[in-house]
Amino acid sequence: MGRRDGQRDGLRLPRLLRRVLLTVLGIQIGLAVTMSLVDSYRRRGKRPKPFPTRAPATVTVGDGEVTTYTYGRDLYEDMIAAIDGAQRQILFETYIWKGDATGERFKRALAAAADRGVEVYCIYDGFANLVVAPTFKRFPASMKVLRYPVYAAGWRFFDLRRYGRDHRKILVVDDRTGFIGGYNIGSAYETEWRDTHVRVTGPAVWDLKRAFADFWNLNRRRRLRASERPLLLETASTWEPLIRIQRNIPRLWVFPIRGMYLEAINRASTNVWLTQAYFMPDQDFVDALKDAARRGVDVRLLMPLKSNHIVADWISRGYFSQLLDAGVRVLRYRDAMVHAKTATVDGTWCTVGTANIDRLSLQGNYEINLEAIDKDLAKQLEEVFLVDETNCLELTSEEWEARDLHRKFTEAFLKPLRTLL
């Protein structure tokens, strides 16, 4: 009897432990959902205040040019102009494509291009656009449209490579012009969000074309409809050595963007300036920033004071103590959502793209970043950073340590959710 009782006790303990862990996880997720609903309710009817921006500025990089945009209206005007001027081909990919006035404007421009004989390929993420009206997502037969599915794993339930979202934002027109950056398509992004995008010309456009074609061919359905046939491109005969297009491809288990960031930070000798919409890195990334600050590098992290995802804000705050203690400056952008994903290092290296510093972007989603080693472009992005800094509140160690006890508890309680975001 004693042996059987011992066996029963041995079985009960793991069961009890599982129940406790599942209960705690359920409470954490419930708290996160409740916080999001309350925050959404509080935001109803509120409008962001005006924020400082810079006019589009262009620099020469290698055999092409790069133009930086920090205001959606400026960017959209040039994107629409490029679409209207297309002669042969348009490749358009976005994570969110709102069915509002701005979204309709892009849809009409793309449809008009297709009607005049331009090959128009479009990709959008199904999950990110669940709330968009189905009528908006009906496209003319002249357009080739790939809706990246809400659930892409099929019967491969345990294949983690098939769960990434398509978080990329790309526009390529003919062989001449490409756009890449953080801007989705929608009216709010046009005037209310602070984001960063770039337009590129020259040989680097071919890398954007290849990135689009590779995604299309990897995820298209294997049917004979014209909208689902392979997208074949000629091979470019030239390369742009100063620019690289880095792509995270979860289906192939390829995630170079995290390594790109870590290599640049680990080599920094003077400054590392990061702008991030959502900052939820792994500990190795945090350690790289701390090590850089401790060896005298000017490390600055610019992020929203209040983002559009309150849970992400609370989880981000869990890193502040160790960053501030190491000498990292934390700058919080006020009165508007800063959605940019940019960085500069030592006035020479820089990146602009779609990848956030979180696990979903760096180890889960399809992402794309432009990486450049060019002093003029890095200087331009540093000037953008300094303009943004004028709209920030800097967090001090004293202020952070003096926060309320319930805030410290909430940060600690939500900490396990870092691995899910």
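Residues numbered from 1 in each chain as written. Predicted model: local features only at pLDDT ≥ 70, side-chain atom pairs only at ≥ 80, totals over all residues. Heavy atoms only, no water.

Draft legend 1. Seen up close, helix α6 (residues 256-267). Compared with an ideal rise of 1.5 Å per residue, which puts 12 residues at 16 Å, α6 spans 17 Å between its outermost C-alpha atoms and is within 8% of the ideal. Within α6, burial applies to Ile257, Arg258, Met260, Tyr261, Leu262, Ala264 and Ile265. (Helix = DSSP H or I, 4+ residues; strand = E, 2+ residues; numbered from the N terminus. Expected span 1.5 Å × (residues − 1). Buried < 20%, exposed > 50% of the residue type's maximum accessible area, 1.4 Å probe, protein only.)

Draft legend 2. Structural view of the environment of Leu370. Within the element layout of this structure, Leu370 appears in strand β19 (residues 367-373). For Leu370, a relative accessible area of 1% translates into the label buried. Distance from Leu370 to Leu208, taken between C-alpha atoms, is 9.3 Å for residues 162 residues apart in sequence. If near-sequence neighbours (up to four positions away) are discounted, Leu370 is found in contact with Ile180, Val198, Val200, Ile243, Arg244, Ile245, Cys350, Thr351, Val352 and Leu377. (Contact = heavy atoms within 4.5 Å.)

Draft legend 3. A look at the packing of helix α2 (residues 72-84) against helix α3 (residues 101-115). With their axes 9 Å apart at the nearest point, α2 and α3 run at an angle of 15° to one another. By the angle between their directions, the pair α2 and α3 is classed as roughly parallel. Seen from above, α2 lies across α3 with left-handed handedness. Contacts between α2 and α3 involve Tyr76, Glu77, Met79, Ile80, Ile83 and Asp84 from the former and Thr102, Arg105, Phe106, Ala109, Leu110 and Ala113 from the latter. (Axes fitted to C-alpha atoms, helices over the stretch in contact; angles between N-to-C directions. Parallel < 35°, antiparallel > 145°, perpendicular 65-115°, else oblique. Left-handed = near helix turned anticlockwise from the far one by under 90°.)

These values are about where atoms sit, not about what they do.
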